[in-house]
Amino acid sequence: MRTSFITSPDGTQITYDVIGKGPVIILLHGGGIGWSRKKWHQVGYVARLKDKYKVISIDIRGNGESGKPILPTDYAIDRICEDILAVADACEVERFIIWGYSYGGNIGRFLAARSERVSKIIIVGIPLGLAASGEFRQFIYDFRDHWKPLIQAQLDGTLELNALSKDDQTLMKEMDIPVTLAWLVAMLDWGVIEPADLPCSTLWLSGSENKNTIDSMKNYEPELKKSNVQVQIIKGLDHVQEFEKIDLVFPVMLAFTIS
């Protein structure tokens, strides 16, 4: 395996690694504390794929060893899609399959809707429609309203850390708040991707305990029948388990990939 770095069209460093030979799968990780391309290695996805596929796992900008700009405009979906295509170009890959979990699946569906270079996509654990909807959209508003003035106070040198709640102090130690705020707020303007917008063969996968995604699948049921999207629900899994329970999830994902 080799770790490589490219500079995206807007000047942001993007880090990725490559291993294996064969058809190309690009892995796009989830978002939040501790997420990076390394999760795909830690849970075992890369080890199971590398003997038959060329596997490219990317640190999405704002995560891992990639650049971490702090403006929402830096996380416009156009820019993130350009990052992925720049990595594909650097690897001399024309066509590829995307496996995207959560935040990565959200990004992947926008790229699949826009680029013929995506031959297939697996979207794990997110609703279709708006990039941020329902409770998640409200969470972003609340996160922004809480943290934006605190970040500004920190920049102004007027923030008193001891005056923050213990939870806020802990979060500031565990999370890069300005970066997280930037990519979350950016998602409010990403727009909508629906089943009909996906021209390639698509697997939309969810655990039965992921209520938001299951509700979205039900809402889109009429449209799904006329689309390239097939649905797979794995009984008993919540959103975290959709990624971590690899023995249950991987066989389904692989079967779709080779079909």
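Since we're looking at a predicted model, the values are computed, not measured. (Residues numbered from 1 in each chain as written. Predicted model: local features only at pLDDT ≥ 70, side-chain atom pairs only at ≥ 80, totals over all residues. Heavy atoms only, no water.)

(A) Fine view of the packing of helix α5 (residues 134-156) against helix α6 (residues 166-174). The contact between α5 and α6 brings their axes to 13 Å, and the two run at 75 degrees. As judged from the angle between their axes, α5 and α6 are roughly perpendicular. Judged by residue contacts, F143, H146, W147, L150 and Q154 of α5 engage D168, L171 and M172 from α6. Class assignment of the residues belonging to the contact of α5 with α6 gives a composition of five nonpolar, two polar and one charged. (Axes fitted to C-alpha atoms, helices over the stretch in contact; angles between N-to-C directions. Helix = DSSP H or I, 4+ residues; strand = E, 2+ residues; numbered from the N terminus. Parallel < 35°, antiparallel > 145°, perpendicular 65-115°, else oblique. Contact = heavy atoms within 4.5 Å. Nonpolar A, V, L, I, M, F, W, Y, C, P; charged D, E, K, R; others polar.)

(B) Representation of unusual backbone geometry. We note that E92 has phi near 55 degrees; this positive angle belongs to a residue other than glycine. Looking at the secondary structure, you find E92 in the loop between α3 (77-90) and β5 (96-101). Residue E92 is classed as exposed on the basis of its relative accessible area, which comes to 76%. Positive phi, normally seen in glycine, also occurs at S102, with a value near 55 degrees. Position of S102 relative to the elements: it lies in the loop between β5 and α4 (103-114). (Buried < 20%, exposed > 50% of the residue type's maximum accessible area, 1.4 Å probe, protein only.)

(C) Focus on the state of the cysteines. Scanning the model with the defined rule gives zero disulfides in all. Looking at C91, it has no disulfide partner, and the nearest cysteine sulfur is the one in C81, 17 Å off. C91 sits in the buried class, given a relative accessible area of 6%. With no disulfide of its own, C200 has C81 as its nearest cysteine by sulfur position, at a separation of 12 Å. Classification of C200 by relative accessible area gives buried; the value is 6%. (Disulfide = S-S within 2.5 Å.)

(D) Representation of the layout of surface pockets. Space inside the largest pocket adds up to approximately 900 Å³. Lining of the largest pocket is provided by 40 residues; of these, S102, G125, I126, F136 and H239 occupy positions nearest its centre. Elements with a minimum of two residues in the lining of the largest pocket: α1 (38-43), α4, α5, α7 (177-187), α8 (211-219) and α10 (241-244). Considering only residue class, the lining of the largest pocket consists of 21 nonpolar, 14 polar and five charged. Residue lining of the second largest pocket: I70, L71, P72, R144, K148, I151, Q152, L155, P178, L181, A182 and V185, and that is the complete set. Every element with two or more residues in the lining of the second largest pocket is listed here: α5 and α7. When residues in the lining of the second largest pocket are grouped by element, the largest group, five residues, is from α5. By residue class, the composition of the lining of the second largest pocket is nine nonpolar, one polar and two charged. (1 Å grid on protein atoms, 1.4 Å probe; cavity = no way out; pocket = protein on both sides within 12 Å on 5 of 7 lines; lining within 4 Å. Points joined across faces, edges and corners; volume = space filled by probe spheres on them.)

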